[in-house]
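Each chain, letter by letter, is given below.
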Amino acid sequence: MTEIFGREGDDAPASPRSPGTRPRSPLNGPRLAGRVSVRQLARAVLLGIVAVLALAFQPPDASAREGRQLAAAGAQTSAQAPHPRTAVRAAHPPQPREAAAPERTGAQGEDQFPVLLGSAAGVLLLVAGGAALVGWRLRRQTGGVRPAEMRRKYDHHHAVLHAVREGVLILGSDGRLLLANDEARRLLELPADAERCPVADLGLEPQLSALFASGRAATDEVLLAGDRLLAVNVRPTAPSGRPAGTVVTLRDTRELRALAGRAGVAQERLKLIYDAGLRIGTTLDVGRTAEELAEVAVPRFADVVTVELLEPVLRGDEPTVGASAELQRMAVKGVPEETAIYRVGEVVRYVPGTPMATGLASGRPVLVGDLPASDAWRQQDPDGTQRVLDSGIRSLITTPLQARGVVLGLANYWRSGASGTFEEEDLAFAEELTARAAVAVDNARRYTREHTTAVTLQRSLLPQTLPEQSALAVAHRYLPAHAGVGGDWFDVIPLPGARVALVVGDVVGHGLHAAATMGRLRTAVHNFSALDLPPDELLNHLDELVAHIDTDEARAAGLGTGADPGTGTGTGTGTGTGGRGVLDGAGTWAGGREGDPAGVPGHLGRTGITGATCLYAIYDPVTGRATLATAGHPAPAVIGPAGSVSFPEVPVSPPLGLGGSVPVETAELTLSEGSRLVLYTDGLVENRDRDIATGLELLRTALAAGADRTPEETCTAVLDAMLPAHPSDDIALMVARTQLLDPTRVAEWEVSSDPAAVAPVRAACLRMLESWGLAAIDFTTELILSELITNAIRYGAQPIRVRLLYDRALICEVSDGTSASPHLRRAATTDEGGRGLFLVAQFAHRWGTRYTPGGKVIWTEQSLDGDRPEPGPDATEDVLDQWDDVPAL
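1. So, the pattern of salt bridges
No. 1: Tallying each qualifying case throughout the model produces 35 salt bridges.
No. 2: One salt bridge connects Glu 468 with Arg 808, and the closest N-O pair in it is separated by 3.6 Å. Here Arg 808 lies in the loop between β24 (800-806) and β25 (809-816) and Glu 468 lies in the loop between α16 (424-461) and β12 (472-479), a separation of 340 residues in the sequence.
No. 3: Judged by its relative accessible area of 65%, Glu 468 is exposed.
No. 4: Because the salt bridges share partners, they merge into one network encompassing Glu 318, Arg 404, Asp 442, Arg 445 and Arg 446.

Here it is in structure tokens:
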């Protein structure tokens, strides 16, 4: 400790009494102060007090004995030196005085007691004052640190000093070495007795000795010491009130370079991990994510990287690892693909015992530091592994792609001999890098599963095949968005009278809810179309339906959360009534776990379907007219037979659910034969990079490029010209080329209200059937026409018309001026009438009623290929026997 703290006089060659040295008080000497122990001083004080008390309280008998001993000693002395009076005293001996001696001794002790007590007090005060002075000096020298704390700090500093990987020297002001730690002794090769020796006598290099002797500060000066180059730092020290000195630190530059190299490697790997977080998982595609892992790792960590994924991962399913697990290679980076053992897309099944199979089964990375010496690795493919060795590959780390406890595949890192072999410390880094990629792969797998489910649902709700009809030649395209399936849909619906309805719609949002909503709206459109409603009425009904659906969902959500649907507030104490569970007071859905979306009822959190758009058009091939109505949807484009492109003005109504009391308006277009009607959703013409006006101009340009294209070619050309690289919205496109029904296949007659007019019209119809070559169905047609015309005359009003259409089926239409619709019923045995429509339903393939602005049309369709419904429970003859509503032929 004295050497470390550098007290004055520790190394002085002369004593305090030497000539030229000023005598110093022992109490003022730091060296004496440092050696005095307070504990020893206290022990001396206690011994002094005990001695004084022992003298003060000595027993009288002991004093008497002491007196007699003193008298005997005096007598003996007198005998040795006789006195003249001895004879006289011998002749006259004194009387015995034993009793008086104790009394004088006791009195003398009592007289000395105050003196002894005062002496003891003086000694105590003197010792206490000395102890206080010594303690004050100790506190001053140690900065107020107690001896125990001082010792603890000394032990701590001593341990640190000799444990650091840096040489430390402490030099005194006189140039002597006061202290050297173990690292300094190693670097400078100092002898064991180097301390207290002058620096010049340590045998150091001249430059080092000169630097130490100069006392100047130095920072990272590189000097030679034996066969080492040392980085030397020198700092002078001058503690307050203490002698000046110098502290020297030493580092071996070779070790510094090695440490800097390791630090550089660690920094590079940290940067690689950071880059992996940025570059891996940029898409939700499983294959692309595997390629990104390989691109990041080559060449910064490995020379070659291959990635294989389990087969179920590619489908989005949860993989299971077994002895016969099949993996598909997804990425090869670092070598040409044709030189790899397995190419991208090939299925790999690893042999048990190989490093890949071991890592796949254990879920832990496997290091093969010497591939040429590894027999287990060669078991997979001796010829292929030899080609790998011939290419220079020497070491391998195979790491499972594992996320959330599930093994998804393998990432294999390969190094050639020129890059150095993998070591144990590389395993942790490979595992960290692969784990980051595994999370991205698992996210892509989950997205693939959800996307596949949504796409499957949506495609099942879209038309699988288009119905056969003669009015339009239709081609279509549907492309889901990359972000997820949406609610775009299209439809082609055959209508009575050889007409065809075209439908294009768009539901707000993406995902399963949007796809399910699209299916609901498409079903509703089909149902309304079965009623043969005009476009404006159909959209009005659809708007009302959407408003009701949203209201019901809002009410259900309010009941499920205890909230007021109007205010969105509540206490969470309501119950759901859908039969799937209830919400408890804490707001947790019974039957599901808290925080688990699967346990939440489907209606909670929905955004509703208000805002959906729809375009509904009906094309009549007899007249060539198209009637259109739109609810918030873009108007169609029309390509004329010569190739001219136009966007007709169609009155736009609010989106579905927002119409309220606003009526939907229609527009009528007269289309020449060969015209093309182009219907689309807004995803085709509008996205985040272009507005709708720009999109419409692009669409116009794409459509005008080819006047003689077929609908299929038109769809392909439009998508090639306008499809963005990453569609953010669904795209539905439908191109329909118009066709007109041959006028020779249309026949129409006016019928008067006289029942006698039935026979001439019926005869004219039969003659038309014969001219069309449909004599095989003339009898059933005659029965149907007789019933329908008779009912129109009896119950309807003028004008009464009959029309026959020869298309894929024979269509009979009877119209009148009233809106009263007949109803099919089964007549009782005693009823005189009511069997006509029953007979019509038995012989016609389909029949129905269509309302027009001037009345109604009752129509029937008869199949021309013999495909006719089986008769009912009654035979045809029995029905004819009961049919008495037709006038006599």
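2. Observations concerning the packing of aromatic side chains
No. 1: By the definition in use, this model includes five aromatic pairs.
No. 2: With a centroid separation of 5.4 Å and 45° between ring planes, the pair formed by Phe 301 and Phe 422 is classed as tilted. Here Phe 301, found in the loop between α11 (286-297) and β6 (304-310), pairs with Phe 422, found in the loop between β11 (406-416) and α16; they are 121 residues apart in sequence, far enough to count as distant. The burial state of Phe 301 is the same as that of Phe 422; both residues are buried.
No. 3: Taken together, the ring pairs connect Phe 301, Tyr 413, Phe 422 and Phe 429 into an aromatic cluster.
No. 4: Seen from the ring of Tyr 806, Arg 745 lies directly overhead, with NZ or CZ sitting 4.1 Å from the centre.

3. With respect to the confidence of the model for the protein
As a general rule, the predicted coordinates of low-pLDDT regions are not to be interpreted in detail.
No. 1: This prediction gives the protein a mean pLDDT of 78; 75% of its residues lie at or above 70.
No. 2: In the model, residues 871-876 has pLDDT below 50 throughout and makes seven contacts with residues more than four positions away in sequence or in other chains.

4. Examining unusual backbone geometry
No. 1: Following Val 298, the chain continues into Pro 299 via a peptide bond in cis, with omega recorded as 0°.
No. 2: In this fold, Pro 299 is placed in the loop between α11 and β6.
No. 3: Residue Gln 798 is joined to Pro 799 through a cis peptide bond whose omega torsion reads 0°.
No. 4: Examined against the element boundaries, Pro 799 turns out to sit in the loop between α23 (778-795) and β24.
No. 5: The backbone of Glu 189 sits at a positive phi, close to 55°, despite the residue not being glycine.
No. 6: In this fold, Glu 189 is placed in the loop between α8 (182-188) and α9 (206-214).
No. 7: Given a relative accessible area of 61%, Glu 189 falls into the exposed group.
No. 8: Backbone geometry at Ala 498 places phi at a positive 65°, although glycine is not the residue there.
No. 9: Taking the relative accessible area as the measure of exposure, Ala 498 reaches 12% and is therefore buried.

5. Thoughts on the side chain of Ser 374
No. 1: With respect to the helices and strands, the residue Ser 374 is situated in the loop between β9 (366-368) and α14 (375-378).
No. 2: Of the polar contacts made by the side chain of Ser 374, one reaches the backbone nitrogen of Trp 377; its length is 3.3 Å.

6. Here we look at the sheet that holds strand β3 (residues 218-225)
No. 1: Ordered by their spatial adjacency, five strands build an open sheet running β2-β1-β5-β4-β3, and the pairing between neighbours is antiparallel. Each edge of the open sheet carries a strand with a single partner, namely β2 (177-180) and β3. With direction set aside, neighbouring strand axes in the sheet form an average angle of 25°.
No. 2: As paired elements, strand β4 (residues 228-237) and strand β5 (residues 245-252) share eight bridges and run antiparallel to each other. Within β5, the position partnered with Pro 236 by the bridge is Thr 246.

Parameters and conventions
Residues numbered from 1 in each chain as written. Predicted model: local features only at pLDDT ≥ 70, side-chain atom pairs only at ≥ 80, totals over all residues. Heavy atoms only, no water. Salt bridge = Lys/Arg side-chain N within 4 Å of Asp/Glu carboxyl O. Helix = DSSP H or I, 4+ residues; strand = E, 2+ residues; numbered from the N terminus. Buried < 20%, exposed > 50% of the residue type's maximum accessible area, 1.4 Å probe, protein only. Phe/Tyr/Trp six-rings, centres within 6.5 Å; stacked < 30°, edge-to-face > 60°. Lys NZ or Arg CZ within 6 Å of the ring centre and 35° of its normal. pLDDT = per-residue confidence, 0-100. Contact = heavy atoms within 4.5 Å. Polar contact = N/O pair within 3.5 Å; in protein donor to acceptor, adjacent residues only side chain to side chain. Pairing = 2+ DSSP bridges. Axes fitted to C-alpha atoms, helices over the stretch in contact; angles between N-to-C directions.

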